[in-house]
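A look at the structure
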Amino acid sequence: MKKFDKERVLLAVAGPVIALAVAFVLSAIVLIASGKSPVEPYTLMFEQASFSDIQVLIINQASMYYIAALAVAIGFRMNLFNIGVDGQYQLAAMMAAIVGAHANLPAALQIPLLILTAVCTGAFWSGIAGVLKVTRGVSEVVATIMLNAIATSVIAYLWLPNVFGVKVGNNNTTGEMYESGWVPGIDMGDAGEIYGLVFLAVLLGIAYWIVLNRTRFGFDLRASGASESAAAASGVDPKRMVLTAMLLSGGIAGLAGLPILLGDTHTYSLNFPTGIGFLGIGIALLGRNSPVGIAFAALLWAWLDKASPELDFHGYDKEIAVIMQGLIVLSVVVSYEAVREWGLRRQQRRVGAELAAGHVLGADNNTKEVAGR
């Protein structure tokens, strides 16, 4: 491996490693300040990860985190901050649940219909922010935050009994979906069942890597994110790329809730998981927008979520996992900037050394030429 390639790998790995190390240290300081052991909570959570039922829960949860983080990462690649993934996936999951409860097609048609419904709903909702940005210059951050609030209101309206809502006790639901829309999972015996759409997350990760790194569209997307003016000079329409990136981001976000919807709950209710879109931001940052890095980050986040309840039985607050997640996000921002500055300084020193070496070589050649005369 060339020296330059080794440095690139080092820079890519250094940020996440430093961020995790700093987050663990800061979390330990918080535990010590509260008079608790800084080691035992992590020992307990690592022990939980060895149990097969917890492993199934981690994989299932990580699949949703992974899809949400991919949606965020597409925006990041375009230098866009799609903070509306949470509203996009919730509204998409509800629309898919409504369609699944009212349409009863053969499974070969029903499941693709539900997936298409979720993709189109998420893309439509994020596309509103994209249109506002390219036509009126509205920041996608402001637009998607407002759309999150509107999505919550739309969901509340659709839950009304005279619209699509079905009351089950005190719980608002969309009614149970027809079985033709259920996606069978992998039976792990007493450990539970792995969602069938975990494989969808894997396929999305592969497609994400291929599109961004092996297609002209991916190059245009990355180029537009790096410099709109340079991309425009090379014939790329920046506004079209912004709108396309927002549509893609929203479309993928719409899939984030499907693993649990089609694999477990089979209805959209008050108990449906929320906040996944916001967690996807931290996961995408920790994974450096890489499909492999995001996978490890999603598993880490899911482990913190699913292993932390055990802490309650040993006198520790399970919220230490939430603190850990927050510290990881803060550490990521700081460590990545520190690593970036370090990389720039190394690059500047290397260029300076090469220029100096070239100058010396040129001087030697001139000396030999004069001596030859």
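Each residue is numbered by its place in its chain's sequence as written, counting from 1. Totals for whole chains, interfaces and linings use all residues, but because this is a predicted model, local features are given only for residues with pLDDT of at least 70 and pairs of side-chain atoms are given and counted only at 80 or more. Hydrogens are left out, water is left out, and the side-chain values use all remaining heavy atoms of the structure.

1. Description of a nonpolar patch on the surface
Condition: In this scheme, patches are assembled from residues that exceed 30% relative accessible area and form no salt bridge. Like charges are connected within 9 Å, while nonpolar side chains (Val, Leu, Ile, Met, Phe, Trp, Tyr) are connected within 5 Å. Methods summary: accessible areas were calculated by the Shrake-Rupley approach with a probe of 1.4 Å, and residue burial reflects only the protein chains presented. Every case where a carboxyl oxygen of Asp or Glu lies within 4 Å of a side-chain nitrogen of Lys or Arg is listed as a salt bridge. Each helix is a run of DSSP H or I of at least 4 residues and each strand a run of E of at least 2, with the numbering of both proceeding from the N terminus. Residue burial is assigned from relative accessible area. The probe radius is 1.4 Å, only protein chains are included, and a residue is buried under 20% of its type maximum, exposed over 50%, and partly exposed in between.
On the surface, Ile 18, Val 22, Val 25, Leu 26 and Ile 29 cluster together into a nonpolar patch covering about 390 Å² of accessible area. With respect to the element layout, Val 22 can be found in helix H1 (residues 3-33). The exposure class assigned to Val 22 is partly exposed, which follows from its relative accessible area of 34%.

2. Points about helix H7 (residues 198-214)
Since there are 3.6 residues in each turn of an α-helix, residues three or four apart along the chain are aligned in direction. Under the convention used in this document: Working rule for helices: expected span equals 1.5 Å times residues minus one. When we speak of the arc, we mean the arc of directions from the helix axis to the C-beta atoms. Two residues qualify as a contact provided that any one of their heavy atoms is within 4.5 Å of a heavy atom in the partner residue.
The terminal C-alpha atoms of H7 lie 24 Å apart, and with 17 residues this matches the ideal 24 Å at 1.5 Å per residue to within 8%. Inspection of H7 places Val 198, Leu 200, Ala 201, Leu 204, Gly 205, Tyr 208 and Leu 212 among the buried residues, and these make up the whole buried set. Taken around the axis of H7, the buried residues stretch over an arc of 150 degrees, which confines them to a single face. The exposed set on the far side of H7, more than 90 degrees from its buried face, consists of Leu 203 and Arg 214. Of the surrounding secondary structure, the elements contacted by the buried residues of H7 are helix H3 (52-77), strand E4 (193-194), helix H8 (216-226), helix H10 (238-253) and helix H13 (291-307).

3. Focus: the UniProt feature "transmembrane region" (unreviewed entry) in the chain
The condition is simple: UniProt positions are given in the numbering used here, feature names are shortened, and annotations may be inferred rather than shown by experiment.
Under the feature "transmembrane region" (unreviewed entry), the UniProt entry names residues 9-34, 54-76, 88-105, 111-132, 141-160, 194-212, 242-262 and 320-339. In residues 54-76, the share of helix is 100% and the share of strand is 0%. The end C-alpha atoms are 32 Å apart. Here residues 194-212 runs as 79% helix and 5% strand, with 29 Å between its end C-alpha atoms.

4. Side note on the pattern of salt bridges
Within the structure shown, the criterion is met by two salt bridges. The residue Glu 140 makes a salt bridge to Lys 133 at a minimum N-O spacing of 3.1 Å. Relative accessible area serves as the criterion here: at 25%, Lys 133 is assigned to the partly exposed category. Note that Arg 216 and Asp 220 form a salt bridge whose closest N and O atoms lie 2.8 Å from each other. Here Arg 216 pairs with Asp 220, and both are found in helix H8, just four residues apart, close to one helical turn. With a relative accessible area of 8%, Asp 220 lands in the buried category.

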